[in-house]
Amino acid sequence: SKACLMRLQKEYQRLNKEPVPSVAAAPRDDNILEWHFAIHGAALEKSPYEHGQYHGKLIFPNDYPYKPPSIIMLTPNGRFHTNQRLCLSMSDFHPETWVPAWSVASILNGVLSFMLESTPTVGSMEASHAERRRLAAASAAWNAKTPLFRTLFPDLVAAPTVDAGDDAAA
């Protein structure tokens, strides 16, 4: 709907001016109803996800903000299954608890805080601290293989490093 599109455009402008700390977010160029986000940085410090970056997406219905989005994680992380809708209070699993005044920023803050706790829900999983650390270490390389991630979040894609030993062999 026109109201949905206008609201999402305003929210994108607001997020560009006032970004959510430790979260980058942007809609797809070809579909404003599909937003991608990357959780990274300071908010993950002192957690098993430290040094990781976690790509996910929000799928907004045509009647947003009156109905909530679907929330899906794409990067293996040990907290949530990948490519599976997450049951959170601000997701489409709970339209009865959805508040239309909630913004994309409040949804992203909710995903971040839920990631850092251990409450089980549909879409969550159990993994050891060591496994979550291993996945954190592998997350940047995982995301860098995804063309859409590279397009939407070029600042989060590390430039390839050249090993000094490789130069000697050349």
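Shown above is the structure to which this text applies.
A brief structural summary. (Residues numbered from 1 in each chain as written. Predicted model: local features only at pLDDT ≥ 70, side-chain atom pairs only at ≥ 80, totals over all residues. Heavy atoms only, no water.)

## So, helix α2 (residues 104-115)
- The end-to-end C-alpha distance of α2 is 16 Å, a good match for the 16 Å that 12 residues give at a rise of 1.5 Å each.
- The elements touched by buried residues of α2 are α1 (2-17), β1 (23-28), β2 (31-40), β3 (53-59) and β4 (70-73). (Helix = DSSP H or I, 4+ residues; strand = E, 2+ residues; numbered from the N terminus. Expected span 1.5 Å × (residues − 1). Contact = heavy atoms within 4.5 Å.)

## Observations concerning the sheet that holds β1
- Taken together, the four strands give an open sheet; going across it, the order is β1-β2-β3-β4, and neighbouring strands pair in antiparallel fashion. Single-partner strands in this sheet number two, and they are β1 and β4. Neighbour-to-neighbour, the strand axes of the sheet open up by a mean angle of 20 degrees, direction not taken into account.
- Helix-sheet contacts for α1 involve β1 and β2, and the interaxial angle to β2 is about 30 degrees. (Pairing = 2+ DSSP bridges. Axes fitted to C-alpha atoms, helices over the stretch in contact; angles between N-to-C directions.)

## Regarding the nonpolar core
- The biggest cluster of nonpolar side chains holds 31 residues, and the ones touching the most others in it are F37, I39, L58, F60, V104 and L108.
- Where this core is concerned, the elements lending two or more residues are α1, β1, β2, β3, β4 and α2.
- No other element matches the seven residues that α2 contributes to this core.
- Dropping the residues within four chain positions of it, F60 is found in contact with L8, L33, W35, P69, V104 and I107.
- Core analysis: the next-biggest nonpolar cluster, separate from the first, contains six residues, A26, A38, F149 and F153 among them. (Core = buried A, V, L, I, M, F, W, Y, C linked by side-chain atoms within 4.5 Å. Buried < 20%, exposed > 50% of the residue type's maximum accessible area, 1.4 Å probe, protein only.)

## Looking at the side chain of E11
- Tracing the sequence through the fold places E11 in helix α1.
- Judged by relative accessible area, E11 falls into the buried class, the value being 3%.
- Among the polar contacts listed, one links the side chain of E11 to the side chain of Y64, at a separation of 2.7 Å.
- Apart from residues no more than four positions distant in its own chain, E11 is found in contact with W35, Y64, S103, V104 and A105. (Polar contact = N/O pair within 3.5 Å; in protein donor to acceptor, adjacent residues only side chain to side chain.)

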